[in-house]
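# Notes for the structure review
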Amino acid sequence: MAAAGGRGGGIGLCWNPHPPHFFFFYSDPSPSQFLALWSAPSRIPITLLITNNYASSSCSNSINPTRLLPSSSACSCRPMAAESSMTNALEEQHKAYRVERLWQQFFLDPSKWWDKRFDKGNSEAPDFKHKTTEKALWINDRFSPSWLQSKLATLHRQPPQQLSSPSSSTTASSSIECVGEAEIFVRTCPASRTTQLWEEFFSEPSQWWDNRKDKRNLRSPDFKHKTAKKALWIDSTFNPPWVHARLAAMTQYQVQRQLSCSTPEISGRVVRTEQLWQEFFSDPSQWLDSRFIKKSPKYPDFKHKSTHEGLWIEGGLNPPWVKAKMATVALFQQQSGGGLRSRVPDSFCNCDNVSKLCQEGRLTEALHVLELMVQQNTRVPVKAYVGLLKGFARRKALAEGKRVHALLVQSGLDSDIFLANTLVDMYAKCGDVLDARKVFNTMPEHNVFSWTAIISAYADHGQGKEAINLFQQMQQTGIAPDKVAFVAVLKACARIAALEQGKQLHSDIIKSGFESDLVIGNILVDMYAKCGCIEHARQAFNKMSERDVISWSAMIAGYAQIGLAKEALTLYEKMKQEGVQPNNVTYVILLKACASIAGLEQGKRLHSDIIRSGFESDMFVGNILIDMYAKCGCIEHACQVFNKMSERDMVSWNSMIAGYVKCGRMEDARELFNNTNERDVVSWNAMIAGYAQNELDKEALALYEQMKEEGMLPDNVTYVILLKACASIAALEQGKQLHSDIIRSGFESDVTVGNTLIDMYAKCVCIEYACQVFNKMRERDVVSWSAMISGYAQNGLDKEALALYEQMKHEGMQPNSVTYVILLKVCASIGALEQGKQLHSDITKSGFQPDVVLGNTLVDMYAKCGCIEHARRMFNQMSERDVVSWSAMIAGYVQNGLGKEALALYKKMKEEGVQPDNVTYVILLKACASVAALEQGKQLHTHIIKNGLELDVIVSSALVDMYAKCGSIEHACQVFNNMHERDVVSWNAMIAGCAQQGLGKEVLALLEQMQREGKKPNEVTYISVLSACSHCGLVDEGRQLFDAMCKDHAVIPTMDHYACMVDLLGRAGYLAEAEDFVNRMPIQPDAVVWRTLLGAARNHGHVEIGRRAFHCVVKFEPKNAAAYVLLSQMYAAVGRLDEVAKIRKEMTNVGVNKVPGLD
């Protein structure tokens, strides 16, 4: 036995000659010792036996095998002392081993891992995460094993049974359940469908349009079927692994075939090129490698030494197998140290040639030369590394940038502060903020450029808080920020609307003397505008000694962002007066401002300026022009702009489709949609949204089915539109099917989709499903809580809504104005004054400034809860009031019986110049009716006519009701007869007016006319009719109408109907029948019904029936003074004064106080 020592424990070696085998003993090995042995090159197999410190030192007794690891490659013994120089490499190998072991665990049972690939927020998030141990895996990790991609592809093609745990013996259905939320099986469905489409494509490519060269964005498909309009994307997640290889082979074959069919000369060149490549690969030594010394791409990459014939790697006549063959001979592999790579001349390996290659844009070749220079221990100047890093940063080539980083580490230059700053910038521009931070943290020292680079990295990638924190750390270290640093951190403040930090930075800028700088001034204006502080933005703008087009555009954009479109257009006029020429960005901002206020005339003037400025041919400006004209309702001008565009992209087509949709011209939109050769998901969304907005919900759902048939994958916007369509028509089954599609598509974790699902289920009266969706949401925002609270309120679960609000506060979620509006409406509907006051207090404590809508809701809540003083106080405190505010306060007075105060407030409303709307007039007419203010009602009628509201059905119905209740039945009939359209409310108002005037025959005639005109009477109609019959003594007609109401019109009688019938029979003297009617009621009579019978008994002197009715009344309302008074009056009328005295004594004993006016 031989023994060797290392940094870990002891190591022993045993040799077994039959068969040849090494046994290694480790006592507490270090990871690097383990990896050194594990990766040692040998043709003899090895076995590792790991022992612990507590075993005996004897070989036979010390072996305690806790792990037996056979190796496919064997190991030769090497001195462990030489290990220190290999530490970094060995540790990386150890990481690779651990990653490989994790992947093996994953494939043993995928159901134990979360599948995060389709809902990960950024590239740093893992693709798979263990459900219990929180271990994570990344598919594109550099430590991933080489067999991973093929294994993943195999996994996706497995049937569901194969995806369950190896230890499980369940059926296919339970296997799906076993996979669970990893959703691997769910995602195989689109994968199999995509595989089928690719097979169709390769079997007959002539049936597909090739859109690769013409597509304008990544959403557009690469191939589209000519008839069925199926779509395929080359880089789709669901593609089978063989797509790229077959596509490359097919493309080269098509090129050769087309060229071969053109001329015999070209056909011969195709054949000759293939022969030359075959000669090249048979003996590369006969060819000169000119890739790194050629001065132009026209020169060949390889040139024959004797015949001087050339070959180009990117040649159009190459056979399809060239690049794959070159990969096998390691022409492009970094690990290769021999082959043709060694044929790069030593004289070419110098810094000048690296710089030259970089200038020509041949960065990959420059990197290859740099790698050779490092291998040959040639000194490489810093500028060579800098040039490559900047070049790869521009191309966002992260992998190549990491190779340069590795060379820096190998050369020992990674500690150079200039190179480290460039590395940070490279990683940031390639989107790898984490690696940028790692480089920054390992730097021995930092200068202002280091801090600026890392601050810019975080600011550019949406992590504004971290950027601001770094800037503060920079100041704490004593390094003074430069202009670039201020620009970076101001952008971060603008991105997250950090106004206070922005103000502090402004102060620092003034102290540093940068306030007069043009770039700093522009970014200050932009920061204040995006933080919503337009006054500070304008102050910064006015203080600028020099302003360019960016300054003006930033200020104009600031006004447009907060809805001040008129101010933006005014500033544009001032910009022209000062001789500053707008650019395309300025026009885009201004056109959007015009669209926001439907400013067609301003938009037309801008269009004229655009033509004069030469920006009409700008495609981006043209798209916004189409959008502006469409939103202003001028679709003809939008068509003209669209037809004149020399170049269009998908945005142009989508803008035109959306324009037709906006104007309600769905047929034109559909025609344009069908004629579009290329459609992306935005096109489909525009059409589906158009159908939904025009209440064509079934057509929207049908188009969604067509979308799926054509292979277009919906996005979260699609599902939100469709769910809203289902909610509007209460299509629960379609909503459930959409929910299933959302789960399969991986959008269930999308917060917006989840919120819309809650709203859909709530509006479909399926609150249980809404609760399930809400409880399963991993992430919830304030909209989620508001949607769930609104769902409870819509389904009459007011207490649950208020309880959920308490839970919302407990979990630290801050409500917004929408949440408070919903909750205040809940309080108003149930008269919960104390909860409403608590909500008002919460609004004040949270520092939330109530807007107009919230203020109106508070006024309405207090009024409906009967607290009119609080309502008026809130109304007076509102800094801004609209017509809804005044209407809410007037309605509050009317609801609380204060009609005169309502009319007085209307007078003040007119004095302040607020124009009433139809709702205001309806409320005011009710106020006039409540106090019989006929003259004020007539004045209101005059104002209604002047404002053109007399044709409004609701207003006219309110006028009929007002005139009738004021006793002017002639004016009521006149208004009623002049109505062009009458609904049930109109008829009810007229019938009730006649009934109040005792016009029984007219009431019956109106009822008959109403039925002739096809209007179905409702329960309110019959209350008025029965009341009229009662007052006019039309007993037989009343009986017939009551029977017809129940049998013919399916109106379920309420307590009011029964009370009317008792009054009808009682007034006519049919007291026994009235009492029998009450006793036969299918519902329990209330105090009103019995009191009506008691009143009839008093009028007709029927003591026994009256006494029985009295006892029933006091059973429900023991202290009902009216019942005692009626009974006393009945006894007094028949001369039973002793009974009258008893009743008065009993009232005193019970504590009933006689209401003034009752005698």
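Note on numbering: residues in each chain are counted from 1, in written sequence order. Selection of residues for local features in this predicted model requires a pLDDT of at least 70, selection of side-chain atom pairs for listing and counting requires 80 or more, and totals for whole chains, interfaces and linings are taken over all residues. The side-chain figures draw on all heavy atoms in the structure; neither hydrogens nor water molecules are used.

### Focus: the overall build of the protein
Broken down by element type, the protein carries 57 helices and 14 strands. For each residue, the accessible area found with a 1.4 Å probe, counting protein chains only, is set against the maximum for its type, and the residue is called buried under 20%, exposed over 50%, and partly exposed in between. Considering the protein as a whole, with its 1159 residues, one finds that 47% of them fall into the buried category. Surface exposure here means Shrake-Rupley accessible area, sampled with a 1.4 Å probe, where a residue is shielded only by the protein chains that are shown. Of the roughly 57,500 Å² of accessible surface on the protein, 52% is carried by carbon and sulfur atoms. By definition, any uninterrupted DSSP run of H or I lasting at least four residues is a helix, any uninterrupted run of E lasting at least two residues is a strand, and each is numbered from the N terminus.

### A short note on unusual backbone geometry
Trans peptide bonds make up most of the peptide bonds, and negative phi angles are found at most residues other than glycine. Notably, K396 is not glycine yet its phi reads approximately 55°, a positive angle. With respect to the helices, strands and loops of the structure, K396 is situated in the loop between α12 (382–395) and α13 (398–411). Located in the positive-phi region is E695, a residue other than glycine, with phi close to 60°. Among the secondary structure elements, E695 is positioned in the loop between α30 (681–693) and α31 (697–709).

### A few points about the packing of aromatic side chains
Working definition: a ring pair exists when centres of Phe, Tyr or Trp rings (six-membered ring for Trp) sit within 6.5 Å. Plane angles under 30 degrees give stacked, over 60 give edge-to-face, the rest tilted. Inspection of every chain in the model, using the stated rule, returns 32 aromatic pairs. The interplanar angle of 80° and the centroid separation of 5.0 Å between the aromatic rings of F774 and W785 together place this pair among those described as edge-to-face. Remark: W785 occurs in helix α36 (residues 782–794) and F774 occurs in helix α35 (residues 767–776); sequence separation between them is 11 residues. Each member of the pair F774 and W785 is classed as buried. Three or more aromatic residues link up through ring pairs in this structure, and these residues are W277, F280, F281, W287 and F302. Note that R780 overlies the ring of F774, its terminal NZ or CZ placed 4.3 Å from the centroid. When the NZ atom of lysine or the CZ atom of arginine is within 6 Å of a ring's centre and also within 35 degrees of its normal, the charge is said to sit over that ring.

### Description of helix α56 (residues 1121–1133)
Every helix has an expected span of 1.5 Å times one less than the residues it contains. When the terminal C-alpha atoms of α56 are compared, their 18 Å separation across 13 residues agrees well with the 18 Å that a helix rising 1.5 Å per residue should span. Pairs of residues are marked as contacts when any of their non-hydrogen atoms sit within 4.5 Å. The inward-facing, buried residues of α56 abut α54 (1087–1100), α55 (1103–1116) and α57 (1137–1150). Backbone geometry just after α56 places G1135 at a positive phi near 85°.

### What about helix α23 (residues 565–577)?
Given a rise of 1.5 Å per residue, 13 residues ought to cover 18 Å, and the 19 Å separating the end C-alpha atoms of α23 matches this to within 8%. Taken together, the buried positions of α23 are A565, A568, L569, L571, Y572 and M575. Looking straight down α23, one finds its buried side chains confined to an arc of 160°; they lie on one side. In α23, the exposed positions that point more than 90 degrees away from the buried face belong to K566, T570 and Q577. Here the buried face of α23 lies against α21 (534–543), α22 (549–561), α24 (584–596) and α25 (600–613). This arc is built from the directions going out from the helix axis to the C-beta atoms.

### Thoughts on the state of the cysteines
Disulfides are defined as pairs of cysteine sulfur atoms found within 2.5 Å of each other. Considering all chains together, one arrives at zero disulfides under this definition. You can see C594 has no disulfide; the closest cysteine sulfur is in C632, sitting 6.9 Å from it. Relative accessible area serves as the criterion here: at 0%, C594 is assigned to the buried category.

### What about the pattern of salt bridges?
The rule for a salt bridge is simple: a side-chain nitrogen of Lys or Arg has to be within 4 Å of a carboxyl oxygen of Asp or Glu. Counted according to the given criterion, the structure contains 39 salt bridges. Here K230 ties to E200 by a salt bridge, and the two come within 3.3 Å at their closest N and O atoms. Of this pair, K230 sits in the loop between β10 (223–225) and β11 (231–232) while E200 sits in helix α6 (residues 184–203), and the two are 30 residues apart along the sequence. Assessed through its relative accessible area of 17%, K230 is described here as buried.

### A short note on the nonpolar core
If you look at the biggest cluster of nonpolar residues, it comprises 290 residues, and the most contacted ones within it are Y385, L388, I454, I455, M656 and M788. Filtering out sequence-adjacent residues up to four positions away, I455 remains in contact with A467, L470, F471, M474, A488 and V489. Core analysis: the next-biggest nonpolar cluster, separate from the first, contains 12 residues, L102, F106, F128 and L137 among them. Note on terminology: a nonpolar core comprises buried Ala, Val, Leu, Ile, Met, Phe, Trp, Tyr and Cys residues joined through side-chain atoms within 4.5 Å.

### Brief notes about the confidence of the model for the protein
Here the protein averages 78 in pLDDT, and 81% of its residues register 70 or above. pLDDT gives the predictor's per-residue confidence on a scale running from 0 to 100. pLDDT under 50 marks residues 1–87. Its contacts with residues more than four places away, or in other chains, come to 159 contacts. Contacts of residues 330–344 to residues separated by more than four positions or lying in other chains number 31 contacts, the stretch itself having pLDDT below 50.

### Some thoughts on the sheet that holds strand β8 (residues 136–137)
Within the open sheet, the three strands sit side by side as β6-β7-β8. Their pairing is antiparallel. Both edges of this open sheet fall to β6 (113–115) and β8, since each of them pairs with a single strand only. Note on pairing: DSSP must find at least two bridges between two strands before they are called paired. Where strand β7 (residues 128–130) lies against β8, two bridges are found, and the strand directions are antiparallel. Along β8, the bridge assignment pairs F128 with L137.

### A word on the packing of helix α46 (residues 953–965) against helix α48 (residues 984–996)
Fitted lines through C-alpha atoms serve as axes, helices being fitted only where they are in contact, and the angles separating the N-to-C directions of these axes extend from 0 to 180 degrees. Running from N to C, α46 and α48 point in directions that differ by 5°, and their axes come no closer than 9 Å. In terms of orientation, α46 and α48 fall into the roughly parallel class. Together, V953, S957, V960, D961, A964 and K965 of α46 and V985, S986, A989, M990, G993 and Q996 of α48 make up the contact between the two elements. Partitioned by chemical class, the residues of the contact of α46 with α48 number six nonpolar, four polar and two charged. Orientation is classified from the angle alone, with under 35 degrees giving roughly parallel, over 145 giving roughly antiparallel, 65 to 115 giving roughly perpendicular, and any other angle giving oblique. Each residue gets one of three labels, nonpolar for Ala, Val, Leu, Ile, Met, Phe, Trp, Tyr, Cys and Pro, charged for Asp, Glu, Lys and Arg, and polar for the others, Gly among them.

### Comments concerning the sheet that holds strand β14 (residues 310–311)
Hydrogen bonds along the backbone pair up the strands of a sheet, which may run parallel or antiparallel. Strand order in the open sheet made by the three strands is β12-β13-β14, with antiparallel pairing throughout. With partners counted over all chains shown, the strands left at the sheet margins are β12 (287–289) and β14, one partner each.

### Description of the side chain of S784
The residue S784 is located in helix α36 in this model. Here a polar contact means two N or O atoms within 3.5 Å. Within protein one must be a hydrogen donor candidate and the other an acceptor candidate, and residues neighboring in sequence count only if both atoms are side-chain atoms. Side-chain polar atoms of S784 contact the side chain of D781, separated by 2.8 Å. Filtering out sequence-adjacent residues up to four positions away, S784 remains in contact with V751, N755, I758, F774 and M777.

### Details of the side chain of D649
Among the structural elements, D649 can be located in the loop between α27 (635–644) and α28 (650–662). Residue classification places D649 among the buried positions, given a relative accessible area of 12%. From its side chain, D649 meets the backbone nitrogen of V651 in a polar contact 3.2 Å long.

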